[in-house]
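# Structural overview
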Amino acid sequence: MAGMMTIKLVFSGGLELLFDNERNQSVLIPSFVPSDNSTHSPPSSSSSTSSSYNDTPSTGETKAADLEYLIYHLRDHLLKERPELFMENGTIRPGILVLINNTDWELEGEGSYQLRNNDEIVFISTLHGG
């Protein structure tokens, strides 16, 4: 069985409101995940629900866990409301800054960045009404 890793998460700039008003969180995810980013089998059964956005079975192929998978995992298991404010066209919505260990995700390969145990991923909304 593949190992698990802990990913530290920080939501700010209003994004924490979409994640049950929890600014600092952590998730436990497998080191290897379905290639199609299917999250139908959560690694923890503590708060699983009978429905999610991605309930179709995986193709069986796996890949090293990457930021793209984490985004789907967050949408399907931690996001409490309004997924359109977090994701758009299969990635993070424009106007949300993503930092990987205090470095802009664009410098780290965006969604293809391979996650490592104890990485810190920060999501900061820059979208504000006016």
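See the structure above.
Values in this document were obtained by computation on a predicted structure and should not be read as measured data.

What counts, and at which threshold
- Residue positions are given per chain, counted from 1 along the sequence in the order it is written.
- Under the rules for a predicted model, residues below a pLDDT of 70 receive no local features and side-chain atom pairs below 80 are neither given nor counted, while totals for whole chains, interfaces and linings still include all residues.
- For the side-chain quantities, the full set of heavy atoms in the structure was used; hydrogens and water were omitted.
- Helix and strand definitions here come from DSSP, where helices need a minimum of 4 consecutive H or I residues and strands a minimum of 2 consecutive E residues; each element is numbered from the N-terminal end.
- Only heavy atoms enter the contact rule, under which two residues are in contact if any of them lie within 4.5 Å.
- Surface accessibility follows the Shrake-Rupley procedure with a 1.4 Å probe radius. Residue values consider only the protein chains on display as shielding.
- The term salt bridge refers to a side-chain nitrogen of Lys or Arg lying within 4 Å of a carboxyl oxygen of Asp or Glu.
- Using a 1.4 Å probe on the protein chains alone, a residue whose accessible area is under 20% of its type maximum counts as buried, one over 50% counts as exposed, and one in between counts as partly exposed.
- The criterion is simple. A nonpolar core is a set of buried Ala, Val, Leu, Ile, Met, Phe, Trp, Tyr and Cys residues joined through side-chain atoms within 4.5 Å.
- DSSP calls a pair of strands paired once it identifies at least 2 bridges connecting them.

## A short note on the overall build of the protein chain
- Looking only at helices and strands, the protein chain features 1 helix and 9 strands.
- Seen in sequence order, the protein chain has helices and strands lined up from the N terminus as β-β-β-β-α-β-β-β-β-β.
- The long-range share in the protein chain, meaning contacts at least 24 apart out of those at least 6 apart in sequence, stands at 63%.
- Counting every atom, the protein chain has about 7,200 Å² of accessible surface; 46% of that belongs to carbon and sulfur.

## Structural notes on unusual backbone geometry
- Although it is not a glycine, aspartate 20 adopts a positive phi angle of roughly 60°.
- Inspection of the secondary structure assignment puts aspartate 20 in the loop between strand S1 (4-12) and strand S2 (24-30).
- Residue asparagine 102 is not a glycine yet carries a positive backbone phi of 70°.
- Position of asparagine 102 relative to the elements: it lies in the loop between strand S7 (96-100) and strand S8 (103-104).

## Some points on the pattern of salt bridges
- The final tally for this structure, using the stated rule, is 4 salt bridges.
- The residue lysine 63 makes a salt bridge to aspartate 66 at a minimum N-O spacing of 3.0 Å. Each member of the pair lysine 63 and aspartate 66 is classed as buried.
- Between arginine 75 and aspartate 76 there is a salt bridge, with the nearest N and O atoms lying 2.8 Å from each other. For the pair formed by arginine 75 and aspartate 76, the shared burial category is buried.

## Topic: the nonpolar core
- Grouped together as the largest cluster of nonpolar side chains are 30 residues, with contacts concentrated most on Leu9, Leu74, Phe86, Leu115, Ile121 and Phe123.
- Of all elements in the fold, only S1, S2, helix H1 (67-77), S7 and strand S9 (120-125) reach the threshold of two or more residues within this core.
- If near-sequence neighbours (up to four positions away) are discounted, leucine 9 is found in contact with Arg23, Asn24, Gln25, Ser26, Val27, Leu70, Leu74, Leu78, Ile121 and Phe123.

## Section: the pairing of S7
- Only one face of S7 is buried, namely the one carrying Ile96, Val98 and Ile100, since none of Leu97 and Leu99 on the opposite face is buried.
- One ladder, built from 5 bridges, connects S7 with S9; its direction is antiparallel. Counterpart to valine 98 in the pairing with S9 is phenylalanine 123.
- Two strands pair when backbone bridges link them, and S7 and S8 are joined in this way by 2 bridges, in the antiparallel orientation. For isoleucine 100, the partnering residue across the bridge sits in S8 and is threonine 103.
- What sits between S7 and S8 in their antiparallel hairpin is a turn of 2 residues, with asparagine 101 showing a positive phi close to 50°.

## A closer look at the environment of leucine 79
- By the element assignment, leucine 79 lies in the loop between H1 and strand S5 (87-88).
- Sequence-wise, leucine 79 and phenylalanine 19 are 60 residues apart; in three dimensions their C-alpha atoms are separated by 5.0 Å.
- Setting aside its immediate chain neighbours within four residues, leucine 79 contacts Leu18, Phe19, Leu74 and Phe86.

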